[in-house]
Amino acid sequence: MDIPTQLSLEQQFKLEVLRDQVKSLSREQAQEYLLEVLRQNMVKDNLFKHLLKRGA
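- Named according to an unreviewed UniProt entry, the chain is Phycobilisome degradation protein NblA originating from Oxynema aestuarii AP17.

If you want it as structure tokens, here you go:
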């Protein structure tokens, strides 16, 4: 299975927009933002694991 690792053009654009927004955050705001992104990523991982278990 070939897993895509490149971002689409739309994702690249969104990343640039976020990059600009993050530059204006304070250190504390940036840390909170990072923790929230990591939390959401963990939730997504848990969802994928759950779906894979159901499909297996």
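1. Some details on a nonpolar patch on the surface
(1) Moving on: A cluster of nonpolar side chains, contributed by Leu18, Val22, Tyr33 and Val37, occupies part of the molecular surface with about 300 Å² of accessible area.
(2) Moving on: Secondary structure elements with two or more residues in the nonpolar patch: helix H1 (9-23) and helix H2 (27-55).
(3) Moving on: As for its position among the elements, Tyr33 is in helix H2.

2. Observations concerning the pattern of salt bridges
(1) Moving on: Taken as a whole, this structure holds three salt bridges when the rule is applied.
(2) Moving on: One salt bridge in this structure joins Glu16 and Arg19, with 3.3 Å as the shortest N-O distance. Here Arg19 and Glu16 lie together in helix H1, a separation of three residues that amounts to about one turn.
(3) Moving on: A residue is classified by how much of its surface remains accessible, and Arg19, at 42% relative accessible area, is partly exposed.
(4) Moving on: The partner of Arg39 in a salt bridge is Glu36, with the nearest N and O atoms 2.9 Å apart. Remark: Glu36 and Arg39 occur in helix H2; sequence separation between them is three residues, near one turn of the helix.

The rules we used
Residues numbered from 1 in each chain as written. Predicted model: local features only at pLDDT ≥ 70, side-chain atom pairs only at ≥ 80, totals over all residues. Heavy atoms only, no water. Patch = residues over 30% accessible without salt bridge, like charges linked within 9 Å, V, L, I, M, F, W, Y side chains within 5 Å. Areas by Shrake-Rupley, 256 points an atom, 1.4 Å probe, with all protein chains shown as cover. Salt bridge = Lys/Arg side-chain N within 4 Å of Asp/Glu carboxyl O. Helix = DSSP H or I, 4+ residues; strand = E, 2+ residues; numbered from the N terminus. Buried < 20%, exposed > 50% of the residue type's maximum accessible area, 1.4 Å probe, protein only.

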